[in-house]
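Read off the chains here:
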Amino acid sequence: MKVMKFGGTSVGKPERMHQVSQLITRDDEATIVVLSALSGTTNALVGISDCLAKADKQGATNQIETLEKHYRTFILDLLKSAELRAKADSIIDEHFEFLKITQRISLSDALNRDILAQGELMSTKLFSLYLEQENIEHALIPALEFMRLDANDEPDLAVIKEKITTVLANYPSKKLFITQGYICRNVKGEVDNLKRGGSDYTASLIAAATKASVCEIWTDIDGMHNNDPRVVDKTIAIEQLSFDEAAELAYFGAKILHPTCIWPAQQENIPVKLLNTMQPSALGTVIKKEAGTVGVKAVAAKDGITSVKIKSSRMLLAYGFLRKIFEVFEKYKTPIDMITTSEVAVSVTIDSELHLAEIIEELSKIASVEIEREQTIVSIVGNEIAKTDAVLKKLFDAVNEVPVTMVSYGGSPHNITLLLPSAYKTKTLQLINKGLFNL
Ligand code: ADP
Ligand code: ASP
Ligand code: MG
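So, how was this worked out
- Residues numbered from 1 in each chain as written.
- Chains lettered and ligands numbered in written order.
- Predicted model: local features only at pLDDT ≥ 70, side-chain atom pairs only at ≥ 80, totals over all residues.
- Heavy atoms only, no water.
- Near = heavy atom within 4 Å.
- Polar contact = N/O pair within 3.5 Å; in protein donor to acceptor, adjacent residues only side chain to side chain.
- Nonpolar A, V, L, I, M, F, W, Y, C, P; charged D, E, K, R; others polar.
- Buried < 20%, exposed > 50% of the residue type's maximum accessible area, 1.4 Å probe, protein only.
- Helix = DSSP H or I, 4+ residues; strand = E, 2+ residues; numbered from the N terminus.
- Pairing = 2+ DSSP bridges.
- Right-handed = clockwise from strand over helix to strand, strands pointing away.
- Core = buried A, V, L, I, M, F, W, Y, C linked by side-chain atoms within 4.5 Å.
- Contact = heavy atoms within 4.5 Å.
- Areas by Shrake-Rupley, 256 points an atom, 1.4 Å probe, with all protein chains shown as cover.
- Axes fitted to C-alpha atoms, helices over the stretch in contact; angles between N-to-C directions.
- Phe/Tyr/Trp six-rings, centres within 6.5 Å; stacked < 30°, edge-to-face > 60°.

Considerations on the site of ligand 2
Inference 1: Around ligand 2 sit Ser36, Thr42, Glu120, Tyr182, Arg196, Gly197, Gly198 and Ser199, and that is every residue in its neighbourhood.
Inference 2: Within the side chain of Glu120, one N or O atom sits 2.6 Å away from a nitrogen atom of ligand 2.
Inference 3: At a separation of 3.4 Å, an oxygen atom of ligand 2 approaches a polar backbone atom of Gly198.
Inference 4: Tallied by class, the residues present in the shell around ligand 2 amount to one nonpolar, five polar and two charged.

Okay, structure coming up:
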């Protein structure tokens, strides 16, 4: 079994769906194809639900109408026969009826998640009709039947494994399966999702659950690049990354991968390949246990970071002080990304301010607390960076003009992390591209 995931751009045009149909039938291996929503759809659905949250009914209606028109035109290009077009029209009717009805119901969290699920439900159903047109044997298997979250809203791999095995057993003679990325059910049985960009996570979870031979992530670029191509002009694709390196880059902002999508594949030692739908012969990036080469591989940046500087008011860093600090973050389920210490102070960074007020209140009982917002983490990732010649020197020479506010080095031999004001992100990524990658 292999898993192939196609992102929004890869299914965003009828001719792309045609390309996808060719890529998924290139060999005989049984394949589970995970599809995202057509590009732009999830953003539009978020827009619709934002309008509903603000009671802006007209805004929601306008966005629903624009989106519906897009789908009506899409199917005219995608499908030739009147019969298949009629089937597609009734799929669109069903989902847009639902979206229109939501305007008459008060918006709850559960309804919001139902709205967000419509994109993947439609893309897979329409793609299935396209495969029917091309006489490509397949089965559409609903992700909502097997993708599950646990009580902590984390994917429940054991349950996913059990349920997908049961679902697949219903189709002993089929070799090609199509399913939705991103969407799942939570412990209450409600429709939920794996957060934005979550189709990568679906693919990796399905790969782990079925012990697939490979998890292919097909997107609009030829692999993981050494730097963010949206920010920096000259970037190059990386041939090979270890699971740890890729996980670090994804977590610290490389948008090509969902932040936590590597662990399921890593757990089962399944290689993950990043490939380009628009350029299928390009080498792409392979992510596996071994890192391949030694040295710096890539840099990624994550915005929206808040730093919390905690200065001990009474004791110096007596033992127990760190524990008390961590307990506060643990109590409010707020993960810490970076940490640095001095003799009297500890600084940490968080990417969620959901419980910041409570955290400050509790920390203030044992320390003085200062907050800095609009920070960006810049993470330099590679294999055995610490052992590689003068990486630190090159890095600090490169970012000489940047007012770096925190540095983390030595936590792992594969990573150096800087914190800086977000206003300096673009400049820093450009400087690092020159200084560390000679690009
Ligand atoms: P998909 O819709 O296929 O999931 P995404 O938009 O989520 O695609 O991810 C692909 C995009 O990630 C690329 O178009 C690129 O702009 C962006 N990206 C950011 N950082 C990197 C990086 N280091 N390497 C490759 N792509 C990156
Ligand atoms: N459609 C979802 C999103 O845009 C999931 C994904 O594309 O991975 O976030
Ligand atoms: Mg994505």
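Here we look at the pairing of strand S4 (residues 176-180)
Inference 1: With respect to burial, S4 is a largely interior element, five of its five residues being buried.
Inference 2: Judged by which residues are buried, S4 turns out to be covered on both faces: Leu176, Ile178 and Gln180 on one side and Phe177 and Thr179 on the other are all buried.
Inference 3: In this sheet, S4 lies alongside strand S2 (residues 31-35) in parallel orientation, the contact comprising five bridges. When the sheet's bridge partners are listed, Val34 is paired in S4 with Thr179.
Inference 4: With two bridges connecting them, strand S3 (residues 139-140) and S4 associate as parallel partners. Within the sheet, the bridge partner assigned to Ala139 lies in S4 and is Phe177.
Inference 5: Crossover connection from S3 via helix H7 (residues 157-169) to parallel S4: handedness right-handed.

What about the nonpolar core?
One recurring pattern in soluble globular proteins: nonpolar side chains tend to sit buried together.
Inference 1: Ranked by size, the top nonpolar core spans 97 residues in total, and within it Phe6, Ile24 and Leu257 carry the most contacts.
Inference 2: Top contributing element to this core by residue count: helix H6 (residues 109-133), with 11 residues.
Inference 3: Phe6 has contacts with Val11, Val20, Leu23, Ile24, Val33, Val34, Leu35, Ser36, Trp218 and Thr277, leaving out every residue within four places of it along the chain.
Inference 4: Core analysis: the next-biggest nonpolar cluster, separate from the first, contains 18 residues, Ala301, Ile385, Val391 and Leu395 among them.

Topic: the site of ligand 1
Inference 1: Near ligand 1 there are 15 residues, and of these Lys5, Thr219, Asp220, His225 and Lys255 occur at the shortest range.
Inference 2: Ile256 has a polar backbone atom sitting 3.4 Å from an oxygen atom of ligand 1.
Inference 3: Here ligand 1 loses 87% of its free accessible area of 570 Å² to cover by the protein chains.
Inference 4: Residues of the shell around ligand 1, tallied by class, amount to four nonpolar, six polar and five charged.

What about the sheet that holds strand S10 (residues 285-288)?
Inference 1: The eight strands are arranged S3-S4-S2-S1-S7-S9-S10-S8 in an open sheet whose pairing can be described as mixed. Looking along the sheet, the strands with just one partner apiece sit at the ends: S3 and strand S8 (240-242).
Inference 2: In the packing of H6 onto the sheet, contacts are made with S2, S3 and S4, and the angle to S4 comes to roughly 155 degrees.

A word on the environment of Ala390
Inference 1: As for its position among the elements, Ala390 is in the loop between strand S14 (367-383) and helix H13 (391-398).
Inference 2: Overall, the relative accessible area of 45% leaves Ala390 in the partly exposed class.
Inference 3: Measuring from C-alpha to C-alpha, the distance between Ala390 and Arg113 comes to 49 Å, with 277 residues separating the pair along the chain.

Focus on the side chain of Asn186
Inference 1: Checked against the element boundaries, Asn186 lands in the loop between strand S5 (183-185) and strand S6 (191-193).
Inference 2: Polar contacts involving the side chain of Asn186 include one to the main-chain amide nitrogen of Lys188, which spans 3.0 Å.
Inference 3: A polar contact is formed between the side chain of Asn186 and the side chain of Asp192, at a distance of 3.1 Å.

Remarks on the packing of aromatic side chains
Inference 1: Here the structure, examined in full by the defined rule, presents five aromatic pairs.
Inference 2: Ring geometry for Phe6 versus Trp218: centroids 5.9 Å apart, planes at 15 degrees, classification stacked. Here Phe6, found in strand S1 (residues 2-6), pairs with Trp218, found in strand S7 (residues 215-219); they are 212 residues apart in sequence, far enough to count as distant.
Inference 3: Ring centres of Tyr251 and Phe252 lie 5.2 Å apart, and the angle between their planes is 75 degrees; this geometry places the pair in the edge-to-face category.
Inference 4: Among the residues examined, Phe252 registers a relative accessible area of 6% and is labelled buried.

Details of the sheet that holds strand S15 (residues 406-409)
Inference 1: The six strands are arranged S12-S13-S11-S14-S16-S15 in an open sheet whose pairing can be described as antiparallel. The sheet is open, and its two edges are formed by strand S12 (336-341) and S15, each paired on a single side. For this sheet, the mean angle separating the axes of adjacent strands, direction not counted, is 25 degrees.
Inference 2: Where S12 lies against strand S13 (residues 345-350), four bridges are found, and the strand directions are antiparallel.

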